[in-house]
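# Examining the three-dimensional arrangement
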Amino acid sequence: MPKELVPVIEMREIGKSFGSNPVLKAVDFSVEVGEVHALAGENGAGKSTLMKILQGVYQKDSGSIYISGSKVEITDTFSAKRVGIGMVFQEFSLIPSLTVAQNIFLTNEPTKYGLIRDSKAKSLATELFKTMEVDLDPGRLVESLPTALWQLTEIAKALAQDAKILIMDEPTASLAKHETEGLFSLIQRLKKKGISIIYISHRMDEIYRIADRITVLRDGSRVLTSRLEDLTPEKIVEAIVGRESSAHLLHRDRSENISEEIVLELENLTCGSKVQGVSLKLRRGEILGLAGLMGSGRTELVNTVFGVLRPTSGTISINGKRIKNNSPADAILNRIALIPEDRRSQGLVLDHPVTENLTLPLIDQLTVAGLLSSKKALKKSQEIIKHFEIKLAHPAITVGSLSGGNQQRVVIGKWLATDPEILMMDEPTAGVDIGTKGEILDLVRTIANSGKSVILISSELPELLSVSDRILVMKDGRVSKSLDRKEIPNEEYLQLAIQGAS
Amino acid sequence: MSNQTAFAPTLSRLKRFEWRQNIIYIAFVAVFLLFAVLLRDSGFTNPNNLMNILRQTATITVMAVAMTYVIAAAEIDLSVGSIAGLSSVVTAMSISSWGLVPGIMAGLSVGLVAGAISGGLVAWLKVPSFLVTLGMLGLLVGVARWITASAPIPIADQTYIAIFGGGQLGPVPTIFIWVTLVVGIGAIVMNKTKFGRHVRATGGNLVAAGYTGVKTARVKFIVLMLSGGGAALAGMLYAGRLQSGRFQWGTGDELSVIAAVILGGTSLFGGRGQVIGSLFGAVFIGLINNGLILMGLDVSQQQVVRGAIIILAVALSRKK
């Protein structure tokens, strides 16, 4: 059967520049029928540009695209859909106020005499879910579904439009463990039906589990395409980061920097059902890692300490003195800072200049006769920018125009300028590339070495293991395990502890 | 929160009943009963009084149906009251100069053109609808005053008054026929046609709708044009009932219209549109106005109580 040998997608020597900045340099990329092809690379390596060309969001400058052997021009998202390319968006693309079936058939609604037949749409959707072997009521409103089912709805929507190729961008980012398993078995079934999947992910274990081949991009060029069984994870990481080593992920013993002095002590801290009787002690200079699944109560715990949530019982003491944080303002006075999980919505005012963002928590120190002094603010922000090596053209540009890594530095800089004793960070490396990740982790170490104490939440275990001096594992709102870093032999051990298997 | 193990179909249906979205029906019945008891001696339940309530709310209802589309698409139209006023004036002037049919055409065109201008600015130049229609609000009142020198324009054409005002078709007042037509078509188009679905998709998630192939700019243009058309029809109904065109007809109606739509369960953030709810929202406001008058409250007291009731009902109908 020679037809099987023709790749479903073949992109040849794709080139693309934005202005004078080349983002793709003659990239070749092909996907076989029924193949799961992983696409990896740092942020800015060109992955998303390549995929956007395939979806018709961007136009290529040079090169050609073949679908099932015949040359096509993809000029817009509609022509991409016509040739069978479906996208499962990282940020979900459904209409929350419509039902599952209404979303699946949006713009393809079955009609009779010009009126939509919702019952027909519903039965078609039911059938579609049956072939996907997924149990989901298509009559439910999307907004009432848990996120995992949103994603299934998106996949169904793409399949309903006869997609032959699905592009999945970090599809497991918001899924719990068992939901990920469900997604993987669905991917296996789709493969058997001859559907090809381009799988964009940073997670090595997932790539090894489900992908057949991997392509790595770096600086706009393809540096590797290979079957996964011929590759070691080290080879892949090397291809992704290039010459840079991954030294920042090595754990260094920093016990000489930790004093015996207890800075923060929680006793039986409880907040509703999310945080249940958590006790912990944090020493000066210590980096305490919080591990756990999504929903295990980590975020709620730091939010309770920071005064965003009110504790229902239990106590918080700082330097041996009991305190009450009724609001973040109180917490800041008690020299606690929290760098929240979602920096775009909780940590920054994206449309405001860097200066204003940096000086927001310091605003009281920047007044002259009760009025804000922009001179003082500029001077202060330049200090912070210099200290945290934030790369920008001018402090007056908006934060939203900075790269993810630099945005994160602005958040960290903003809070450290308040001179906190205790810094809590919730997933500080989410959404930044490997290079920036390393810099942020180094920054965390530097902060702790300067005598501050850090509580770090991260779902990326290698990173948690590399900086933490001690790791608390949380499960269902409780601390299920407290592990000294030295007691943890490897990542698997910690993973098992998180899953509750050991 | 989301308990997925529904034990029996009835239980799940009960859970799915969104009482917040349907608060208007509960509030409607509650207020109606309350007034029926409190005002039993003032003739509240007298058929003539009830008929009057419906008659007086007809214009608000017509505008509210069109506004339901605008708000479902996550836009807003503040110019409806002004369009109604200008349309009443233009209709009256055109009838006296050129006759009945040109008059009706002219009145309707005023609304469609004003709506199309707002819609074009919003859809293709991406100017926020709040600002565009706020500007329109002032601009159109100005035009209406200008062309009439702020004077009322009487309408003598009895056919016009019969069709748009106090006429009857058999036992049914024509104004009810207008309301039934507008509400009926509005509800079917919203719930059963691609256009209605695309309006809600546009308001529910603009980017996603665009990626799915919904022509979101066109949707925004059309809803604002329709809103202008609806407001023009309301203006013509004012002109028919009051037998004249005047720039004041419809002044301030935008607030009652928006309140009626939100009360009816349409989300101010877009994505949801309940045409029947808007009808009840409009009549609910009329009910309150009427009841407060019968209670003997003076105008200033009415305004305070009405405002408070609307805030309360909107707060309750808000999702989360």
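What counts and how
Residues numbered from 1 in each chain as written. Chains lettered and ligands numbered in written order. Predicted model: local features only at pLDDT ≥ 70, side-chain atom pairs only at ≥ 80, totals over all residues. Helix = DSSP H or I, 4+ residues; strand = E, 2+ residues; numbered from the N terminus. Rg over C-alpha atoms; globule rule 2.2 N^0.38 Å. Buried ≥ 20, exposed ≤ 12 C-beta atoms within 10 Å, placed from the backbone. Contact = placed C-beta atoms within 7 Å. Nonpolar A, V, L, I, M, F, W, Y, C, P; charged D, E, K, R; others polar. Axes fitted to C-alpha atoms, helices over the stretch in contact; angles between N-to-C directions. Parallel < 35°, antiparallel > 145°, perpendicular 65-115°, else oblique. Left-handed = near helix turned anticlockwise from the far one by under 90°. Pairing = 2+ DSSP bridges. Core = buried A, V, L, I, M, F, W, Y, C linked by C-beta atoms within 7 Å.

### Re the overall build of chain A
Helices and strands together make up the secondary structure of chain A, namely 17 helices and 24 strands. Taken against the 2.2 N^0.38 rule, which gives 23 Å for 502 residues, the C-alpha radius of gyration of chain A at 25 Å falls within 12% of a compact globule. Expressed along its principal axes, the backbone C-alpha trace of chain A runs to roughly 75 × 50 × 50 Å. When each of the 502 residues of chain A is scored for burial, the buried share is 41%. For chain A, the proportion of contacts with a sequence separation of at least 24, taken over those separated by at least 6, is 66%.

### A short note on the interface of chain B and chain A
Contacts between the two partners involve 17 residues from chain B, matched on the other side by 18 residues from chain A. A per-element tally of the side of chain B that touches chain A places helix H9 (residues 194-204) of chain B first, with five residues. Classifying every residue of the side of chain B that touches chain A gives five nonpolar, seven polar and five charged.

### Details of the packing of helix H4 (residues 80-98) of chain B against helix H5 (residues 100-123) of chain B
Residues and elements named next belong to chain B. Close contact between H4 and H5 brings their axes to 7 Å; oriented N to C, the two are set at 155°. With respect to H5, the axis of H4 lies roughly antiparallel. Judged by the sense of rotation from one axis to the other, the crossing of H4 with H5 is right-handed. Between H4, through Ile-83, Leu-86, Ser-87, Val-90, Thr-91, Ser-94, Ile-95 and Trp-98, and H5, the contact on the second element is made entirely by Leu-100, Pro-102, Gly-103, Ile-104, Ala-106, Gly-107, Val-110, Gly-111 and Ala-114. Counted by class, the contact of H4 with H5 contains eleven nonpolar, six polar and no charged residues.

### Focus: the sheet that holds strand E24 (residues 478-484) of chain A
Residue and element names in this part refer to chain A. If you trace the six strands from one edge of the open sheet to the other, you get E18-E21-E22-E15-E23-E24, paired in mixed fashion. Each edge of the open sheet is held by one strand with a lone partner, namely strand E18 (336-339) and E24. Between one strand and the next, the sheet's axes are offset by a mean angle of 20°, whatever the strand orientation.

### Observations concerning the environment of Gly-165 of chain B
Residues and elements named next belong to chain B. One can find Gly-165 in the loop between helix H7 (158-164) and strand E2 (168-169). When the 21 C-beta atoms within 10 Å are taken as the criterion, Gly-165 is described as buried. Sequence separation between Gly-165 and Gln-243 is 78 residues; the distance between their C-alpha atoms is 7.7 Å. Residue contacts for Gly-165: discarding those within four places in its chain leaves Gly-240, Arg-241 and Gln-243.

### Looking at the sheet that holds strand E1 (residues 9-18) of chain A
Residues and elements named next belong to chain A. The sheet built from four strands is open, its strands ordered E2-E1-E4-E5 with antiparallel pairing. Either end of the sheet is taken by a strand with one partner, and the two such strands are strand E2 (21-31) and strand E5 (70-72). Taken pair by pair, the neighbouring strands of this sheet meet at an average axis angle of 30°, ignoring direction. As paired elements, E1 and E2 share seven bridges and run antiparallel to each other. Across the sheet, residue Ile-14 finds its bridge partner in E2, namely Val-27. Across the sheet, helix H1 (residues 47-55) touches E1 and E2, and the angle it forms with E2 is around 65°.

### Description of the environment of Pro-311 of chain A
Residue and element names in this part refer to chain A. Relative to the elements of secondary structure, Pro-311 occurs in the loop between helix H9 (298-305) and strand E16 (313-318). Spatially, the C-alpha atoms of Pro-311 and Ile-65 are 58 Å apart, while their sequence positions differ by 246 residues. In this view, Pro-311 contacts Leu-269, Thr-270, Cys-271 and Thr-304; residues no more than four positions away in its chain are not counted.

### Regarding the packing of H5 of chain B against helix H11 (residues 216-242) of chain B
Packed helix pairs are specified by the crossing angle of their axes together with the interaxial distance, meaning the distance between the axes. Residues and elements named next belong to chain B. Running from N to C, H5 and H11 cross one another at 150°; their axes reach a closest spacing of 7 Å. Between H5 and H11, the crossing angle belongs to the class labelled roughly antiparallel. You can see that H5 and H11 cross each other, and the crossing is right-handed. A class-by-class count of the residues in the contact of H5 with H11 yields 18 nonpolar, ten polar and two charged.

### What to know about the pairing of strand E23 (residues 470-475) of chain A
All names here are of chain A. For E23, the buried fraction is high: five of the six residues fall into the buried class. Pairing of strand E15 (residues 287-292) with E23, which is carried by five bridges, proceeds in the parallel orientation. Paired with Leu-288 across the two strands is Arg-470, which belongs to E23. Across six bridges, the pairing between E23 and E24 is antiparallel. Counted as the bridge partner of Ile-471 is Leu-483 from E24.

### Observations concerning the nonpolar core
Within the largest apolar cluster, 160 residues are counted, with the highest numbers of intra-cluster contacts made by Leu-166 of chain A together with Val-62, Met-63, Met-67 and Leu-237 of chain B. A total of 15 residues in this core trace back to one element, the largest contributor, which is H11 of chain B. Setting aside its immediate chain neighbours within four residues, Met-63 of chain B contacts Val-80, Gly-230, Ala-231, Ala-234, Asp-253 and Val-257 of chain B. Membership of the second largest hydrophobic core comes to 61 residues, among which are Val-399, Ala-417, Val-454 and Leu-494 of chain A.

By themselves, these observations are geometric and do not establish any function.
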